[in-house]
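Results of the structural survey
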Amino acid sequence: GHVMRLRSLWVLCIATAGVSGCVNGLLGFLPLYLRNLGWEPAAADGTLATFHAASMLFAIPIALLSDRIGSRRGVLITTMLMIGIGTGLLGIAGGGLISLAVLLAGITRDGFMATSMTAIIEVKGIGPRFTGSAAGLAMSVMAISNVLAPPIGNWLAKFGSGLPFLFWAALVALGFLAYFFLPQPASGSAGSS
């Protein structure tokens, strides 16, 4: 009950769920989308490897950057924007811009998730006693998004092949808006915000 009443935790959960649903939808749909654009199967499937490789390479540097600059909120907003822009570009881009869009979204995905989970357990009122409950709530909200976002996006493909990416980018935009409901950190504080 204590964890469920923390507004900052819900804001972070909703924002993280937007990104998680977006990425899960994107990863399942992207190779099929690229094959339909005429890409060779190996190249279409290889875009996922590129996405994951970029994500893995930048995960630790992004998480460390959030510690170094003392602003989880700043890193989360920046990385979320990159994921949203990259995903949205996939819905309208062609040629080489597709690879750029995949890299833009991929570079920040794991770094965002690591920083977000850290911010979730650093919410004021969580502490060591409620860390497991806070992480469990976040994972539950993300799971709902992961179940709903991919099929809704896939259904939208019948109205236009780029619409799923625009829908998933809109989920990120909604999550982005959620950050404006986080309380501002106290001056001089490098806490979770």
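Below, the structure is looked at part by part. (Residues numbered from 1 in each chain as written. Predicted model: local features only at pLDDT ≥ 70, side-chain atom pairs only at ≥ 80, totals over all residues. Heavy atoms only, no water.)

**Quick look at the pattern of salt bridges**
We apply this condition: When a carboxyl oxygen of Asp or Glu lies within 4 Å of a side-chain nitrogen of Lys or Arg, that pair is called a salt bridge. Secondary structure is summarised from DSSP: a helix means a run of H or I of at least four residues, a strand means a run of E of at least two, and numbering begins at the N terminus for each. Type-normalised accessible area, obtained with a 1.4 Å probe on protein chains alone, sets the label of each residue: buried when under 20%, exposed when over 50%, and partly exposed for intermediate values.
All chains considered together, the criterion is met by four salt bridges. Notably, a salt bridge pairs E122 with R72, separated by 2.9 Å at the nearest N-O pair. In this pair, E122 is assigned in the loop between α4 (96-121) and α5 (127-156) and R72 in helix α3 (residues 72-90), connecting sequence segments 50 residues apart. Since its relative accessible area comes to 33%, E122 is described here as partly exposed. One network of salt bridges, with partners in common, ties together D67, R72 and E122.

**Some points on the layout of surface pockets**
To be explicit about the condition: Any residue with an atom within 4 Å of a point lines the site, the site being either a cavity, points on a 1 Å grid over the protein atoms alone where a 1.4 Å probe fits but cannot get out, or a pocket, an open set with protein on both sides within 12 Å along at least 5 of 7 lines. Grid points are joined across faces, edges and corners, and a volume is the space filled by probe spheres set on the points. The nonpolar class holds Ala, Val, Leu, Ile, Met, Phe, Trp, Tyr, Cys and Pro. Asp, Glu, Lys and Arg form the charged class, and all remaining residues, Gly among them, are polar.
When its volume is computed, the second largest pocket comes out at roughly 180 Å³. Every residue lining the second largest pocket is listed: I14, A17, G18, V141, S145, L148, A149, I152, F167, L171, L174 and G175. Breaking the lining of the second largest pocket down by element, the ones donating at least two residues are α1 (7-36), α5 and α6 (163-178). Per-element tally for the lining of the second largest pocket: the top contributor is α5, with five residues. Its residues assigned to classes, the lining of the second largest pocket comprises nine nonpolar, three polar and no charged.

**Some thoughts on the packing of aromatic side chains**
Applied cut-off: Aromatic rings from Phe, Tyr and Trp, taking only the six-membered ring of Trp, are treated as a pair when their centres fall within 6.5 Å; an angle between ring planes under 30 degrees marks them as stacked, one over 60 as edge-to-face, and anything in between as tilted.
Within this structure, the stated rule accounts for seven aromatic pairs. Between the aromatic rings of F165 and W168, the centroid separation amounts to 5.8 Å while the plane-to-plane angle is 80°, which identifies the pairing as edge-to-face. With a gap of three residues between them, F165 and W168 both fall in helix α6, about one helical turn apart. Residue classification places F165 among the buried residues on the basis of a relative accessible area of 0%. Each residue in the set F29, Y33, F165 and W168 is aromatic and connected to the rest through ring pairs, giving one cluster.

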